[in-house]
Amino acid sequence: MTVDGIQKVGVLGCGLMGGGIAQVAATAGYPTVVKEVADEFLKKGMAGIEKSLGRFVEKGALTAEQRSGTLGRLEGTTNFEDLAECDIVIEAITENLEVKRETFAKIDKIVKPSAIFASNTSSLVITEMMTATKRVDRFIGMHFFNPVPLMKLVEVVGTITTAREVLDQAMKFGSSLGKVPIRTSDRSGFIVNRLLVPYLLDAVRALEEGVGSVEDIDKGMKLGCGYPMGPFTLLDFVGLETTYYIANIMFEEFREKRFAPPPLLKRLVLAGHHGKKTGRGFYDHSDPANPKPLY
Ligand code: CAA
């Protein structure tokens with residue numbers, strides 16, 4: 001299923017999030033252009049997409065034909081010009097406001113004026129990116145969740161100038177990707193991180209206060225509440241530096257203690273213990289199939 005008015009999708013960034021978004025767009029049937037800054041990142045991102053598609057084929061969720069169709073609809077590039085004919089461009093580059101503003105200002109001159117621009121930011125202010133462009137009525141947030149191919153949600157974020165029909169179209173587009181879209185407004189963290197981030201930070205505070213160990217707190221939330229991952233497993237999965245960064249942005253926006261990163265989180269980030277990606281966070285991931293709690 002595709003959506004009227006959206007024939008071609010552009011994605012900026014082919015990391016974990018951008019690659020996942022490009023994958024679901026191409027799987028849904030959209031010709032999709034994904035732009036990276038260098039060939040090596042593109043190669044790595046495409047390998048991730050192929051691996052994920054392979055897992056879907058293995059478990060019978062996709063046929064081999066659907067996989068090759070999906071790959072055939074995906075075009076990797078390092079040129080902004082290749083996004084010119086896209087009807088929607090979703091940005092999933094580094095979480096740096098200045099870099100995002102520069103990028104949006106650049107593509108505003110290249111991509112057709114009727115196209116919708118969307119940012120996948122998890123906490124930066126959409127309005128601040130929007131003002132780098134002239135399409136203030138056609139600018140939204142589309143916040144996907146990690147791992148994008150599996151998580152069903154997308155938050156669709158409207159600003160005070162987003163046109164109603166753009167939001168409606170984005171909601172339909174989200175559904176066409178096989179996701180469940182929810183509407184929210186441009187407040188740092190939107191709906192999910194507004195609730196999730198204080199919970200994750202509180203888990204670190206509980207650990208600091210000796211309420212329980214990493215293993216017991218994780219077991220508590222997994223087995224007592226049915227969460228798929230305990231807070232420390234999730235922190236290691238999302239990345240400690242990512243959570244720390246989001247928390248600081250939310251603290252700056254709301255000035256509320258519940259968004260303030262606890263000292264232990266800051267120390268781990270400073271020490272380079274970012275979680276799964278660095279092999280160490282609240283768990284030691286030397287054996288990825290069997291992470292060992294460290295605290
Ligand atoms: N592509 C395709 N398949 C994948 C995949 C991917 N990227 N990742 C995992 N899978 C598959 C696995 O191969 C496995 O398949 P089988 O069932 O056939 O074995 C299946 O998915 C389940 O994976 P696992 O057995 O490894 O683990 P799991 O059962 O715990 O499920 C999970 C994994 C879906 C990630 C689940 O643990 C979960 O929902 N965790 C919570 C994730 C979460 O909260 N994400 C949001 C993070 S916050 C965020 O993203 C927002 C932000 O701004 C920070």
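Structure's up top.
First things first, this report covers the structure right here in the doc. (Residues numbered from 1 in each chain as written. Predicted model: local features only at pLDDT ≥ 70, side-chain atom pairs only at ≥ 80, totals over all residues. Heavy atoms only, no water.)

Re the environment of Ala 25
For Ala 25, the position within the fold is in helix H1 (residues 16–27). C-alpha of Ala 25 to C-alpha of Thr 70: the two residues are 45 residues apart in sequence and 8.7 Å apart in space. Setting aside residues up to four positions removed in sequence, Ala 25 forms contacts with Val 9, Tyr 30, Thr 32 and Leu 177. (Helix = DSSP H or I, 4+ residues; strand = E, 2+ residues; numbered from the N terminus. Contact = heavy atoms within 4.5 Å.)

Here's the deal with the site of the ligand
Among the 18 residues in the neighbourhood of the ligand, the closest are listed as Ser 52, Ser 122, His 143, Asn 146 and Asn 193. Within the backbone of Asn 146, one N or O atom sits 2.9 Å away from a nitrogen atom of the ligand. When residues of the shell around the ligand are traced back to their parent elements, those giving at least two are helix H2 (39–58), helix H7 (192–208) and helix H9 (231–238). Top contributing element to the shell around the ligand by residue count: H2, with 3 residues. Looking at the shell around the ligand residue by residue, the class counts come to 11 nonpolar, 5 polar and 2 charged. (Near = heavy atom within 4 Å. Polar contact = N/O pair within 3.5 Å; in protein donor to acceptor, adjacent residues only side chain to side chain. Nonpolar A, V, L, I, M, F, W, Y, C, P; charged D, E, K, R; others polar.)

Digging into the pattern of salt bridges
Taken as a whole and assessed by the stated rule, the structure comprises 9 salt bridges. Close ionic contact of Glu 91 with Lys 100 constitutes a salt bridge, the shortest N to O distance being 2.4 Å. No difference in accessibility class separates Glu 91 from Lys 100, as the two residues are buried. A salt bridge links Arg 164 to Asp 168; its shortest N-O distance comes to 3.9 Å. (Salt bridge = Lys/Arg side-chain N within 4 Å of Asp/Glu carboxyl O. Buried < 20%, exposed > 50% of the residue type's maximum accessible area, 1.4 Å probe, protein only.)

Points about the nonpolar core
Grouped together as the largest cluster of nonpolar side chains are 38 residues, with contacts concentrated most on Met 142 and Phe 173. Elements supplying a minimum of two residues to this core: strand E1 (9–12), H1, H2, strand E4 (88–91), strand E5 (116–119), strand E6 (139–144), strand E7 (153–158) and helix H6 (164–176). By size, the runner-up hydrophobic cluster in this structure holds 24 residues, among which are Leu 201, Ala 247, Leu 268 and Tyr 283. (Core = buried A, V, L, I, M, F, W, Y, C linked by side-chain atoms within 4.5 Å.)

Description of the sheet that holds strand E2 (residues 32–35)
Strand pairing in a sheet takes place through backbone hydrogen bonds and is either antiparallel or parallel in direction. If you walk across this open sheet you meet the 8 strands as E3-E2-E1-E4-E5-E6-E7-E8, and the pairing is mixed. At either end of the open sheet lies a strand with only one pairing partner, and these are strand E3 (74–77) and strand E8 (180–185). Mean inter-strand twist for the sheet, computed between neighbouring axes without regard to direction, equals 25 degrees. Direction of pairing for E1 relative to E2: parallel, over a ladder of 4 bridges. Bridge pairing in E2 places Val 9 opposite Thr 32. Its contacts with the sheet place helix H3 (residues 64–73) against E2 and E3, and it is angled at close to 35 degrees to E3. Seen against the sheet, H6 touches E1, E4, E5, E6, E7 and E8 and runs at an angle of roughly 150 degrees to E8. (Pairing = 2+ DSSP bridges. Axes fitted to C-alpha atoms, helices over the stretch in contact; angles between N-to-C directions.)

Thoughts on the packing of aromatic side chains
Here the structure, examined in full by the defined rule, presents 8 aromatic pairs. Pairing Phe 254 with Phe 259 gives two aromatic rings, centres 5.2 Å apart and planes at 35 degrees, and the pair type is tilted. Relative accessible area serves as the criterion here: at 18%, Phe 254 is assigned to the buried category. Here the aromatic residues Phe 104, Phe 117 and Phe 139 are joined through ring pairs into a cluster of three or more. Between the NZ or CZ atom of Lys 35 and the centre of the ring of Phe 80, over which it lies, the distance is 4.0 Å. The ring of Phe 117 has Arg 135 lying over it, and the distance from NZ or CZ to the ring centre is 3.9 Å. (Phe/Tyr/Trp six-rings, centres within 6.5 Å; stacked < 30°, edge-to-face > 60°. Lys NZ or Arg CZ within 6 Å of the ring centre and 35° of its normal.)

Digging into H1
Side chains of residues three or four places apart in an α-helix project in the same direction, reflecting 3.6 residues per turn. For H1, built from 12 residues, the straight-helix expectation of 16 Å at 1.5 Å per residue is met to within 8% by its first-to-last C-alpha distance of 16 Å. Turning to H1, its buried residues are Gly 18, Gly 19, Gly 20, Ile 21, Ala 22, Gln 23, Val 24, Ala 25 and Ala 26. Remark: Gly 29 follows H1 within two positions and exhibits a positive phi of approximately 115 degrees. (Expected span 1.5 Å × (residues − 1).)

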